[in-house]
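Coordinates in review
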Amino acid sequence: MRLFVAIYLPADSVDHLAAFVADLHVGKAQAAGVNPRLAPRETYHLTVAFLGDVPDARLPDAEAAISAAVTSWHTHAARDLRRAARRDLQRDAGLAAGDPRAHTRRSGAPDAGADPADHVASAPGSPAGAAKGPRKPQDRGGAGKAPQVWIAGGGRFGRGRFSVLWAGVHGETERLAALTRAVRRELKRARLPYDERPWRPHLTIARPGDRLDRAQLGADRAALAAYRGPAWPASELVLVRSHLGPTPSYDRLTGWPL
């Protein structure tokens, strides 16, 4: 069986993206009778790890490996959250005691040994009026909280008949990258196959190849670059079986909460 590990988009994000794609040249081409090989909306997903062909008898091993990876990922997230909480408490204690180093960190100037994450400027689009100064431990993402992501930007892989349009993923992608590493580590430990290429989070929109001209693909690529969908929690990891053919299909086999 052909397996991969994925995170599926929620319904509102699927609706938003599908409506956007329908207005692209690839979407209009399908309406006009040209087959741009659009990804069906029900298959919109982010691939976390691709296993490829796995013997049927090894399905329980794959499920056990992914389960172990999710457990490991949660454990590391909880550890990182505890460390962040300790740093916040130490910083607040330093402020209360008049420690000038703590005041320096609060003012935004990093000192030796400071946590770089405490000095990252707010990204464009951050909520207006966000609280400034030391963050409390409960304000940090971490254990028990699904990574918040959104579909935004995009582009094209390949050229000519190999052209693929894709949409990008933004948000807490580092946490997803850590999850990907955990999954690969457990698959390797279980002696199961997986694609070792660097993980680049994206969602395939269409495989138009050379069915559209260069100007149309260029316009779609520019439109994708400006796209931003709603934020959503990546709350479930799913083991999926794919069936190849003229109309590929996917069976969701097992899921794990994130």
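Summarised in this report is the structure supplied together with it. (Residues numbered from 1 in each chain as written. Predicted model: local features only at pLDDT ≥ 70, side-chain atom pairs only at ≥ 80, totals over all residues. Heavy atoms only, no water.)

Re the pairing of strand 4 (residues 164-171)
Put simply, the rule is: Buried residues are those whose accessible area, probed at 1.4 Å on protein chains only, stays under 20% of the maximum for their type, while exposed residues exceed 50% and partly exposed ones sit between those limits. Segments assigned H or I by DSSP are reported as helices when at least four residues long, segments assigned E as strands when at least two residues long, and all are numbered from the N terminus. The criterion for strand pairing is that DSSP finds at least two bridges linking the strands in question.
Counting buried positions over the eight residues of strand 4 gives six, a clear majority of the element. Direction of pairing for strand 3 (residues 148-157) relative to strand 4: antiparallel, over a ladder of seven bridges. Bridged to Gly155 within strand 4 is Trp166. Adjacent in sequence and paired antiparallel, strand 3 and strand 4 are bridged by six residues, among which Gly158 carries a positive phi angle near 70°.

Details of the layout of surface pockets
Formally: A cavity here means a set of points on a 1 Å grid, drawn over the protein atoms and nothing else, where a 1.4 Å probe fits but cannot get out; a pocket is an open set with protein on both sides within 12 Å along at least five of seven lines, and a residue lines either one if it has an atom within 4 Å of a point. Grid points are joined across faces, edges and corners, and a volume is the space filled by probe spheres set on the points. In the scheme used here, Gly and all other residues not listed as nonpolar or charged are polar, with Ala, Val, Leu, Ile, Met, Phe, Trp, Tyr, Cys and Pro taken as nonpolar and Asp, Glu, Lys and Arg as charged.
Size it by volume and the second largest pocket reaches roughly 1500 Å³. Lining the second largest pocket are 43 residues, with His45, Thr47, Thr204, Arg207 and Tyr250 positioned closest to its centre. Within the residue set of the lining of the second largest pocket, elements represented by two or more residues are strand 1 (2-8), helix 1 (11-22), strand 2 (45-53), strand 5 (202-206), strand 7 (236-243) and strand 8 (249-257). In the lining of the second largest pocket, the residues fall into 23 nonpolar, 12 polar and eight charged.

As for the pattern of salt bridges
Cut-off, in case you're wondering: Here, a salt bridge means any side-chain nitrogen of Lys or Arg that lies within 4 Å of a carboxyl oxygen of Asp or Glu.
Under the defined criterion, the tally for this structure stands at five salt bridges. The partner of Arg41 in a salt bridge is Asp15, and the shortest N-O contact between them spans 2.3 Å. Here Arg41, found in the loop between helix 2 (25-31) and strand 2, pairs with Asp15, found in helix 1; they are 26 residues apart in sequence, far enough to count as distant. Of the residues examined, Asp15 reaches a relative accessible area of 40% and is grouped as partly exposed. In this structure, the salt-bridge partner of Arg197 is Asp195, at a minimum N-O distance of 2.7 Å.

Digging into the packing of aromatic side chains
The following threshold applies: When the centres of two rings from Phe, Tyr and Trp lie within 6.5 Å, Trp using its six-membered ring, the rings pair. Their planes under 30 degrees apart give stacked, over 60 give edge-to-face, and anything left gives tilted. Put simply, a charge is over a ring when the Lys NZ or the Arg CZ is close to the ring centre, within 6 Å, and near the line of the ring normal, within 35 degrees.
Overall, the coordinates contain three aromatic pairs when judged by the stated rule. Seen in terms of ring centroids, Phe157 and Trp166 are 5.3 Å apart; in terms of plane orientation they differ by 15°. Their pairing is stacked. When the ring centre of Tyr8 is taken as origin, the NZ or CZ atom of Arg252, which lies over that ring, is 3.5 Å away.

Some words on the sheet that holds strand 7
For the record, the criterion: Working convention: axes come from line fits to C-alpha atoms, limited for helices to the stretch in contact. Angles between N-to-C directions cover 0 to 180 degrees. Residues are treated as being in contact if the distance between any of their heavy atoms lies within 4.5 Å.
The strand order across the open sheet built from four strands is 2-1-7-8, with neighbouring strands paired in antiparallel fashion. Both outer strands of the open sheet, strand 2 and strand 8, are each paired with one neighbouring strand and no more. Taken pair by pair, the neighbouring strands of this sheet meet at an average axis angle of 25°, ignoring direction. The pairing of strand 1 with strand 7 spans five bridges and is antiparallel. Within strand 7, the residue paired with Phe4 across the bridge is Val240. Where helix 5 (residues 173-189) meets the sheet, it contacts strand 1, strand 2 and strand 7, and its direction lies at approximately 15° from that of strand 2.

Notes on the sheet that holds strand 6 (residues 232-233)
Overall, antiparallel pairing links the four strands, which are arranged 5-4-3-6 in an open sheet. The sheet is open, and its two edges are formed by strand 5 and strand 6, each paired on a single side. Bridge count between strand 3 and strand 6: two bridges; the pairing is antiparallel. Within strand 6, the residue paired with Val149 across the bridge is Trp232. Across the sheet, helix 6 (residues 214-225) touches strand 3, strand 4 and strand 5, and the angle it forms with strand 3 is around 160°.

Comments concerning the environment of Phe50
Along the polypeptide, Phe50 turns up in strand 2. Looking at Phe50, the relative accessible area reads 29%, which means it is partly exposed. Spatially, the C-alpha atoms of Phe50 and Tyr194 are 5.4 Å apart, while their sequence positions differ by 144 residues. Ignoring anything within four residues of it in the chain, the contact list for Phe50 reads Arg2, Leu3, Phe4, Tyr194 and Asp195.

So, the side chain of Thr180
When you line up the elements, Thr180 lands in helix 5. The class for Thr180 is buried, based on a relative accessible area of 2%.

Describing helix 5
Think of an α-helix as 3.6 residues a turn; residues three or four steps apart then line up on the same face. Heads up, the rule is: The span one expects for a helix is its residue count, reduced by one, times 1.5 Å.
The terminal C-alpha atoms of helix 5, which comprises 17 residues, lie 24 Å apart, in line with the 24 Å expected from a rise of 1.5 Å per residue. Among all positions in helix 5, only Arg175, Leu176, Ala177, Leu179, Thr180, Ala182, Val183, Arg184, Glu186 and Leu187 are buried. Taken from the residues just after helix 5, Arg191 is the one with a positive phi, measuring 60°.

Comments concerning unusual backbone geometry
What is expected of a backbone is that most residues other than glycine have negative phi and most peptide bonds are trans. Not every positive phi belongs to a glycine, and Arg37 is a case in point at roughly 55°. Here Arg37 shows up in the loop between helix 2 and strand 2. The class of Arg37 is partly exposed, set by a relative accessible area of 43%.

Just distances and angles here, no functional claims.
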